[in-house]
Amino acid sequence: MRANGSYSVLWSGRKGCNAMFLDMKELYQYREMIRSLVHKELRGKYKGSVLGFFWSLLLPLFQLLVYTIVFSVFMRSEIEHFSMFLFVALIPWFFFNSCISTGALSIIQQKNLVAKIYFPRMVLPVSAVASYFINMLLSFLVVFEALLLSGIGVDVRVLWYLPLVFFVEFVMGIGGALLFSAWTVYFRDLEYILNILTMAWMYLTPILYPLETVPETIRGFLYLNPMTSVIIAYRDILYYKHAPDLQTLSYAVLWGIVLLLAGWQVFRKLQKHFVEEL
């Protein structure tokens, strides 16, 4: 009995790996469609705008200007360069927030496309996340410039950790978008619930405060938040200019895998009846 049980688990795991591999292979085959949707999303976002893609740089620049004025004049903080302390965490948060709240609508907003032709439904949330990710990378041009101008500077010796953190958050974003876009097809109120959820989620993430200010008795619970380790890693690299702690990176990678697997599994199961629900 025990041997049969072990065999069943191994067989289920193998089937799951094969299914994920086939889905990834199919997504690759539809890479031109993903590229087209990303291009359409980015072009449509600034269509009719005089400055176009420059808004991707100007918006975070204006945000930084506001933070600098507010936290250096009206709400002074004991943290040195608090506006930069906040800025290097908020840019990644905005990306993740978009993946969850806006990415959740990726299937509903393309319901006519879903109903008319066949394509892997995962293309829609993946392309949405890819477009948000490109916007975040453009915003990081402003982050680097601001770090240099503020006097904090950049340590090139630890910057090689940044692509790893980018990748982990990108994987988290895909997992979250898959998860919530599938659920939203069946439960439309989730669109509004997510706006409230992400607002609370932000305050449970050490963005506005350092993790060290949280009482030790509850500090460990914050690591149950997938974004805690990611934000700490960004801040270690960009603000404190040192390599992220190995445990922090391990938590980030683990949460990335968990969110991706959960999102993929739920999406794969629910996508069968998307057309009927839409």
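Conventions adopted
Residues numbered from 1 in each chain as written. Predicted model: local features only at pLDDT ≥ 70, side-chain atom pairs only at ≥ 80, totals over all residues. Heavy atoms only, no water. Axes fitted to C-alpha atoms, helices over the stretch in contact; angles between N-to-C directions. Helix = DSSP H or I, 4+ residues; strand = E, 2+ residues; numbered from the N terminus. Parallel < 35°, antiparallel > 145°, perpendicular 65-115°, else oblique. Contact = heavy atoms within 4.5 Å. Nonpolar A, V, L, I, M, F, W, Y, C, P; charged D, E, K, R; others polar. Salt bridge = Lys/Arg side-chain N within 4 Å of Asp/Glu carboxyl O. Phe/Tyr/Trp six-rings, centres within 6.5 Å; stacked < 30°, edge-to-face > 60°. Buried < 20%, exposed > 50% of the residue type's maximum accessible area, 1.4 Å probe, protein only. Lys NZ or Arg CZ within 6 Å of the ring centre and 35° of its normal. Core = buried A, V, L, I, M, F, W, Y, C linked by side-chain atoms within 4.5 Å. Patch = residues over 30% accessible without salt bridge, like charges linked within 9 Å, V, L, I, M, F, W, Y side chains within 5 Å. Areas by Shrake-Rupley, 256 points an atom, 1.4 Å probe, with all protein chains shown as cover.

Caption draft 1: Quick look at the packing of helix α4 (residues 82-102) against helix α6 (residues 123-150). Axis separation between α4 and α6 bottoms out at 10 Å; the angle between their running directions is 175°. Between α4 and α6, the interaxial angle falls into the category roughly antiparallel. Here M84, F87, V88, I91, P92, F95, S98, C99 and T102 of α4 come into contact with α6, specifically with V129, Y132, F133, M136, S139, F140, V142, V143, A146, L147 and S150. In terms of residue class, the contact of α4 with α6 is made up of 16 nonpolar, 4 polar and no charged.

Caption draft 2: Quick peek at the pattern of salt bridges. Applying the stated criterion across every chain, the model contains 2 salt bridges. Between R35 and E32 there is a salt bridge, with the nearest N and O atoms lying 2.3 Å from each other. Remark: E32 and R35 occur in helix α2 (residues 31-45); sequence separation between them is 3 residues, near one turn of the helix. A salt bridge links D155 to R157; the shortest N-O distance between them is 3.1 Å.

Caption draft 3: Seen up close, the environment of V114. With respect to the helices, strands and loops of the structure, V114 is situated in helix α5 (residues 111-116). Through-space distance from the C-alpha of V114 to that of F274 is 8.0 Å; in sequence the pair is 160 residues apart.

Caption draft 4: Region of the structure containing the environment of I231. Positionally, I231 belongs in helix α10 (residues 226-238). Separated by 17 residues in sequence, I231 and T248 place their C-alpha atoms 9.7 Å apart. Sequence-distant contacts of I231, that is, excluding residues within four places in its chain, are made with A89, P92, W93, T205, P206 and I207.

Caption draft 5: Structural context of the packing of aromatic side chains. Per the counting criterion, the structure on display carries 17 aromatic pairs. Centre to centre, the rings of F133 and F170 are 4.9 Å apart; their planes meet at 55°, and the pair counts as tilted. Of this pair, F133 sits in helix α6 while F170 sits in helix α7 (residues 162-186), and the two are 37 residues apart along the sequence. The exposure classification of F133 matches that of F170, with both residues buried. The interplanar angle of 85° and the centroid separation of 5.3 Å between the aromatic rings of F267 and F274 together place this pair among those described as edge-to-face. F267 sits in the buried class, given a relative accessible area of 0%. Its relative accessible area of 1% is what places F274 among the buried residues. The structure contains a cluster of three or more aromatic residues connected by ring pairs, namely F95, F133, F140, F144, F166, F170 and Y234. It is R31 that lies over the ring of Y28; its NZ or CZ is 4.2 Å from the centre.

Caption draft 6: Broad picture of the nonpolar core. Formed by 78 residues in total, the largest nonpolar core has its most connected members in Y234 and L238. Looking at this core, the elements with two or more residues in it are α1 (2-29), α2, α4, α6, α7, α8 (190-203), α10 and α11 (246-270). Leaving out residues up to four positions away in the same chain, L238 has contacts with V88, F140, V143, F144, L147, I152, G153, L159 and L162. Of all hydrophobic cores here, the second largest spans 5 residues; its members include Y209, L211, V214 and I232.

Caption draft 7: Region of interest: a nonpolar patch on the surface. Taken together, the side chains of L164, V253, I257 and L261 present a nonpolar region at the surface, about 300 Å² in accessible area. Ranked by residue count, the leading element in the nonpolar patch is α11, at 3 residues. Secondary-structure assignment places L164 in helix α7.

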